[in-house]
Each structure stands twice: as C-alpha cells, then as structure tokens.
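Listed below are the residues making up each chain.
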Amino acid sequence: MQISEHFTMNEFCASDTAKRLRILNLPDREASDSLIHLVRNLLEPLRQAYGKPLHVNSGYRCPPLNRAVGGVSSSQHLKGEAADISCEDPAELLRLLQDTGLAFDQAILYPTFLHLSLRQNTDNRKNIIIKK
C-alpha cells in the first residue's frame, strides 16, 4: 500500500529479523493509522525538504519482533509511531528537521541513522537526543 509519494506500508513492516525468526510483523488498525500519520505528517514532508532518498531501517515492530531486536517495552515502534531512518547524512537530516518546524515527538541521532517519532492526538515533545 502506497502511503505517500515516497513511502509504502511494506517498508515499515519489513524486517530481516522477522523473516529469519518467522515472525508475522503486521500492524493492527491503530498502529497502521499511526504509521500513516507518521509518514504523511513527518516523514514525507521531511523527505521532500531533504530532496534525497530516506531508507526505513525499522518501522513498526510487533511485540515478538520488538523483544527479538532488544527493543524496550515502551518503544514507540510498537504503536506505529516511530521509524529509524538512514540517509546520506543523518546529522544534516536532524538539522533540517529543526529548520522545518515540523512536529515530532523524538529525534534521536545515532551515528548511522535518525530515530523519528510522532504521536497522534497528543502533544509532541520535540525531544532531541544525540547518541555517539
């Protein structure tokens, strides 16, 4: 299913770990709605502003997959509210996010990717964390 110009639902459910462990990683309706909100209100506008490809490393995670990858039990990935995005320059993507003024809940910069989250129907914290 195409969510936006540059993103499909399959990108957010794909997982090598899920394949290897034969985990069916499909979001329920609520998580699916949250993914659509994340893409249409944060990731697609950010991709358009960046002008270069963004790759989804990890999007939705069902509970068994989240446990398998060592995710925390409160992970926003479980709700469809978060995605880990790799690109040419994750630090540049974070700077661009700040410049655009787009709403986001968390932006966590890792050396090789940027974790981005957006919640629906609640205030988003615009929390930025840098991990080295």
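Our structure is the block above this text.
Just so you know, these numbers come straight off a predicted model, no measurement behind them.

Here we come to the packing of helix α3 (residues 29-50) against helix α5 (residues 90-100). Contact pair α3 / α5: the axes reach a minimum separation of 10 Å and the direction vectors enclose 105°. Put simply, α3 runs roughly perpendicular to α5. Together, L42, L46, A49 and Y50 of α3 and E92, L93, L96, L97 and T100 of α5 make up the contact between the two elements. When grouped by side-chain class, the residues that make up the contact of α3 with α5 number 7 nonpolar, 1 polar and 1 charged.

Enumeration according to the criterion identifies 0 disulfides in this entry. With no disulfide of its own, C13 lies closest to C62 among cysteine sulfurs, the gap being 9.4 Å. A residue is classified by how much of its surface remains accessible, and C13, at 12% relative accessible area, is buried. Taking relative accessible area as the criterion, C62 reaches 7% and is therefore assigned buried.

What follows deals with the environment of K132. Here K132 is to be found in the segment after β5 (127-130). On the basis of relative accessible area, K132 is assigned to the exposed category, the value being 90%. Along the primary structure K132 and C62 are separated by 70 residues, whereas in three dimensions their C-alpha atoms are 27 Å apart.

About the criteria used
Residues numbered from 1 in each chain as written. Predicted model: local features only at pLDDT ≥ 70, side-chain atom pairs only at ≥ 80, totals over all residues. Heavy atoms only, no water. Axes fitted to C-alpha atoms, helices over the stretch in contact; angles between N-to-C directions. Helix = DSSP H or I, 4+ residues; strand = E, 2+ residues; numbered from the N terminus. Parallel < 35°, antiparallel > 145°, perpendicular 65-115°, else oblique. Contact = heavy atoms within 4.5 Å. Nonpolar A, V, L, I, M, F, W, Y, C, P; charged D, E, K, R; others polar. Disulfide = S-S within 2.5 Å. Buried < 20%, exposed > 50% of the residue type's maximum accessible area, 1.4 Å probe, protein only.

Function cannot be inferred from these measures alone, as they are strictly geometric.
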